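# Tertiary structure, described
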Amino acid sequence: MTAWLAALPDALLVGVGGSLGALARYGVDVALDGGRSSTFAVNVVGSIALGALVTSAAPEQILTVAGAGFCGAFTTFSSFAVNVSEAAANGRYRLAAIDAAGTLVTALVGVGIGAGLAGL
Amino acid sequence: MTDRLVPLLVAVGGFVGAACRYAVGVAVPGPDAAGTLAVNVLGSFALAASVSVVRSRRFRYFLATGMLSSFTTYSTFAVQTASLGSAWGLANIGANYALGFAAALAGLRLGRRFA
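No experiment lies behind these values; they were computed from the predicted model shown. (Residues numbered from 1 in each chain as written. Chains lettered and ligands numbered in written order. Predicted model: local features only at pLDDT ≥ 70, side-chain atom pairs only at ≥ 80, totals over all residues. Heavy atoms only, no water.)

### Here we look at the side chain of Ser 44 of chain B
- Along the chain, the position of Ser 44 of chain B falls in helix H2 (residues 32–53).
- The class for Ser 44 of chain B is buried, based on a relative accessible area of 0%.
- Those residues in contact with Ser 44 of chain B that sit more than four places away from it in its chain are Phe 77, Ser 78, Ala 81 and Val 82 of chain A together with Val 39, Thr 72, Gly 100 and Ala 104 of chain B. (Helix = DSSP H or I, 4+ residues; strand = E, 2+ residues; numbered from the N terminus. Buried < 20%, exposed > 50% of the residue type's maximum accessible area, 1.4 Å probe, protein only. Contact = heavy atoms within 4.5 Å.)

Written out as structure tokens, the structure is:
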């Protein structure tokens, strides 16, 4: 109970960052007409940003709002998993494989690029 | 034709989803990656199930675009994978991908049955 109460302010910080991250993702959806390319874009850009944040000397609360909150919510695993699964369920296995592997490789390279930029 | 309520629904859903993700991270024992795995699998199932079940456009913006998309995270998964080293990193990718896709497929099937 006390641990839960102590975690409450952090949960609120994550929520505030998360609401802004979700709004920004919705903005990208509108700009790119939603779908696969939009999910790919937010996941890669968000991974670069989070890679930079965790490498930077940002204070703990900034990491909570901008990292766990904003970047966490700006990127999405569920939409990505539904995109891949729908493609596979419709027999489009090549598309599913390209989306699954392409997002992974690009996001991991993105984390490295973000970390490199923050370390400059 | 623009629904001015949509950004608000997305933002409120995003608040709830991200805060719930944090709560799961606190509740799940073990390394941080275990909490991320839990939200990604759970959220993929729920989002997939909601795709064909939820008819209301506004409720979909709140639940799918806002809450369930923010509950799960790709960036945290990527950063944790990169920091885990090759063996545990590969295990983390395998777990998130295998369980996440299986959960999404199960959710899609379940959702279609109830649609």
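### Examining the interface of chain A and chain B
- Listed by partner, the interface residues are 43 residues for chain A and 41 residues for chain B.
- Between chain A and chain B, a total of about 3,200 Å² is buried, with carbon and sulfur atoms accounting for 74% of that surface.
- When the buried surface of chain A facing chain B is broken down by residue, Tyr 26, Phe 77 and Ser 78 of chain A rank first, second and third, together holding 20% of it.
- Linking chain A to chain B there are zero salt bridges.
- Applying the counting rule to chain A against chain B returns 18 residue pairs in polar contact (both at pLDDT 80 or more).
- Elements that contribute at least two residues to the side of chain A that touches chain B include exactly helix H1 (2–32), helix H2 (35–55), helix H3 (60–74), helix H4 (77–89) and helix H5 (93–119) of chain A.
- In terms of residue class, the side of chain A that touches chain B is built from 24 nonpolar, 15 polar and four charged. (Buried area = accessible area lost by both parts, 1.4 Å probe. Salt bridge = Lys/Arg side-chain N within 4 Å of Asp/Glu carboxyl O. Polar contact = N/O pair within 3.5 Å; in protein donor to acceptor, adjacent residues only side chain to side chain. Nonpolar A, V, L, I, M, F, W, Y, C, P; charged D, E, K, R; others polar.)

### Here we look at the UniProt feature "binding site: Na(+)" (unreviewed entry) in chain A
- The UniProt feature table records "binding site: Na(+)" (unreviewed entry) at Gly 72 and Thr 75 of chain A.
- With respect to the helices, strands and loops of the structure, Gly 72 of chain A is situated in helix H3.
- Not counting residues within four places of it along the chain, the set of residues in contact with Gly 72 of chain A comprises Gly 67 of chain A together with Arg 21, Ser 70, Thr 72, Thr 73, Ser 75 and Thr 76 of chain B.
- Examined against the element boundaries, Thr 75 of chain A turns out to sit in the loop between H3 and H4.
- With residues up to four places along the chain from it excluded, the contact list for Thr 75 of chain A reads Arg 25, Val 42, Asn 43, Gly 46 and Ser 47 of chain A together with Ser 69, Thr 72, Thr 73, Tyr 74 and Ser 75 of chain B.
- At 2.9 Å, the side chain of Thr 75 of chain A forms a polar contact with the backbone oxygen of Cys 71 of chain A. (UniProt positions renumbered as here; feature names shortened; annotations may be inferred.)

### Let's talk about the state of the cysteines
- Considering all chains together, one arrives at zero disulfides over all chains under this definition.
- Between Cys 71 of chain A, a free cysteine, and Cys 20 of chain B, which holds the nearest cysteine sulfur, the sulfur-to-sulfur gap is 19 Å.
- The exposure class assigned to Cys 20 of chain B is partly exposed, which follows from its relative accessible area of 32%. (Disulfide = S-S within 2.5 Å.)

### A look at the UniProt feature "transmembrane region" (unreviewed entry) in chain A
Residues and elements named next belong to chain A.
- When the UniProt feature table is mapped onto this chain, "transmembrane region" (unreviewed entry) is found at residues 6–28, 40–58, 64–84 and 96–118.
- As annotated, residues 64–84 comprises 90% helix and 0% strand, and the C-alpha atoms at either end are separated by 29 Å.
- Along residues 96–118 one finds 100% helix and 0% strand; the C-alpha atoms at either end are 33 Å apart.

### Some thoughts on unusual backbone geometry
Residues and elements named next belong to chain A.
- The backbone phi angle of Asp 33 is positive, close to 65°, even though this residue is not glycine.
- Residue position: Asp 33 is located in the loop between H1 and H2.
- Residue Asp 33 is classed as exposed on the basis of its relative accessible area of 74%.

### Re the UniProt feature "transmembrane region" (unreviewed entry) in chain B
Residue and element names in this part refer to chain B.
- Those places that UniProt annotates as "transmembrane region" (unreviewed entry) correspond, in this numbering, to residues 33–54, 61–82 and 88–108.
- A helix fraction of 86% and a strand fraction of 0% characterise residues 61–82, whose end C-alpha atoms lie 32 Å from each other.
- End-to-end, the C-alpha atoms of residues 88–108 are 29 Å apart, and along that stretch the chain is 100% helix and 0% strand.

### A look at the packing of H5 of chain A against helix H5 (residues 86–114) of chain B
- Following both chains from N to C, one finds H5 of chain A and H5 of chain B inclined at 145°, their axes separated by 13 Å at the closest point. Our pair here, H5 of chain A against H5 of chain B, has a crossing hand that is right-handed. On H5 of chain B, the residues that touch Ala 100, Leu 104 and Leu 108 of chain A of H5 of chain A are Ile 93, Tyr 97 and Phe 101 of chain B.
- Partitioned by chemical class, the residues of the contact of H5 of chain A with H5 of chain B number six nonpolar, no polar and no charged. (Axes fitted to C-alpha atoms, helices over the stretch in contact; angles between N-to-C directions. Left-handed = near helix turned anticlockwise from the far one by under 90°.)

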